[in-house]
Amino acid sequence: MVRSPAVAGQFYQGTTQKLLQQVRQYLQKDLGRDHAVGIMVPHAGLVYSGTVAGTVYSSITMPKTFVMLGPNHTGLGSSVSLMDDGEWEVPTGKLRVDRKLASRILQHAKVAERDAKAHTFEHSLEVQLPFITCLSTDIAIVPIAILSASYEECTELAEGIAKAVQGVDYPVTILASSDMSHYLPDRVARQKDKVALDRLLGLDSRGLYDTVRRERISMCGYLPATVMLIASKILGAKEALLVKYMTSGDVSGDYESVVGYAGIVLTAKKSDRRAVS
């Protein structure tokens, strides 16, 4: 099965050459590259969030497999939908699903269901592929879309992912796809986002889950981020670094109604890089 792109020509350029040119403008050289246990990247149109996503991907070494966790915006499929076979295609290449790791996750995390339907039109993971394929096509993925989950279910999924990753002998990075606050004045969005980001940077998964819900922060991927945090800590993450933060207003000039974007890298060792302000 080949999953065809759902948002090519909308969220990112729809032809190979134009997409390569678009992605390359967001990638940076001379950033210290670390093996990332986990990352958080945004999923808006590249014109808005490409700078943040590009900074994240420029900061890490490419793993053999990304376990990709994204929010389910469409409502299709199961509460936790894992695609365990096939390939995902974008104009710059195809990435195969890591069947071995996917099978292990399904074995260890009963909350996850084998389900490709949830991924058919979902963009939150697809918009990561232009960056990944630009850097390497020799990478596999395990796509997981999360529609709803209690904190206990997030923990079960994270523990299953971590156990599966511990059972393979190649590098794996846990990727959470999320934007931050939606459609607020820039000043308010930044204030609310800082509250959630403080929990993320403190590796406080329970605090993130509860804070987003209590403060009604419109962070669409807080469930994937919660799962990523829990799994990354089990896998040895010791530090979370905010490598880039901006809002859509920084691109459009409209600061009255913005969406926030944050890029975070989790590593098993302390980094010499400085976090952004």
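Above this note sits the structure.
Every value quoted in this text rests on a predicted model; they were computed, and no experiment measured them.

(A) Expanded view of the overall build of the protein chain. When you go through the protein chain residue by residue, the secondary structure sums to nine helices and 12 strands. Taken over the C-alpha trace, the protein chain has a radius of gyration of 17 Å; the compact-globule value for 277 residues is 19 Å, and the two agree within 12%. A principal-axis box enclosing the C-alpha atoms of the protein chain has dimensions of 45 × 45 × 40 Å. Buried positions account for 56% of the 277 residues belonging to the protein chain. When contacts within the protein chain are restricted to residue pairs at least 6 apart in sequence, those whose partners lie at least 24 apart make up 82%. Taken as a whole, the protein chain presents about 11,400 Å² of accessible surface, with 46% of it coming from carbon and sulfur.

(B) Examining unusual backbone geometry more closely. Even without being glycine, Tyr183 reaches a positive phi, approximately 60°. Tracing the backbone shows Tyr183 in strand S10 (residues 182–184). When its relative accessible area of 61% is taken as the criterion, Tyr183 is described as exposed. For Leu203, which is not glycine, the phi dihedral falls at a positive 55°. Mapped onto the secondary structure, Leu203 falls in the loop between helix H6 (186–201) and helix H7 (205–214).

(C) Local environment of the sheet that holds strand S5 (residues 87–90). The strand order S1-S5-S6 describes an open sheet built from three strands, whose pairing is mixed. Where the open sheet ends on each side, the last strands, each with one partner, are strand S1 (2–3) and strand S6 (93–96). Relative to S5, S1 runs parallel, the two being bridged by two bridges. Looking across to S5, one finds that Val2 is bridged to Glu87.

(D) How the structure looks around the nonpolar core. Counting 53 residues, the largest nonpolar core has Met40, Leu157, Ile161 and Met219 as the members making the most contacts within it. By residue number, the principal contributor to this core is helix H8 (residues 222–234), which donates eight residues. In this structure Ile161 touches Val67, Leu69, Ile105, Ile144, Ile174, Val227 and Ala231, once residues within four positions along its chain are discounted. In terms of nonpolar packing, the next biggest core, distinct from the first, is built from 31 residues, Leu19, Val41, Val90 and Leu175 among them.

(E) Quick look at helix H1 (residues 16–24). Buried within H1 are the following residues: Leu19, Leu20, Gln22 and Val23. All buried residues of H1 fall inside an arc of 165° around its axis, so they share one side.

(F) Up close: the pairing of strand S8 (residues 140–146). The element S8 is extensively covered by neighbouring structure, given that seven of its seven residues are classed as buried. Here S8 shows a buried face lined by Ala140, Val142, Ile144 and Ile146 and a second buried face lined by Ile141, Pro143 and Ala145. Bridge count between strand S3 (residues 65–71) and S8: seven bridges; the pairing is parallel. By the bridge assignment for S8, Thr65 is matched with Ala140. As paired strands, strand S4 (residues 80–82) and S8 are joined by three bridges and run antiparallel to one another. Its bridge partner lying in S8, Ser81 is registered against Ala145.

Rules used in this analysis
- Residues numbered from 1 in each chain as written.
- Predicted model: local features only at pLDDT ≥ 70, side-chain atom pairs only at ≥ 80, totals over all residues.
- Heavy atoms only, no water.
- Helix = DSSP H or I, 4+ residues; strand = E, 2+ residues; numbered from the N terminus.
- Rg over C-alpha atoms; globule rule 2.2 N^0.38 Å.
- Buried < 20%, exposed > 50% of the residue type's maximum accessible area, 1.4 Å probe, protein only.
- Contact = heavy atoms within 4.5 Å.
- Areas by Shrake-Rupley, 256 points an atom, 1.4 Å probe, with all protein chains shown as cover.
- Pairing = 2+ DSSP bridges.
- Core = buried A, V, L, I, M, F, W, Y, C linked by side-chain atoms within 4.5 Å.
- Arc of directions from axis to C-beta.

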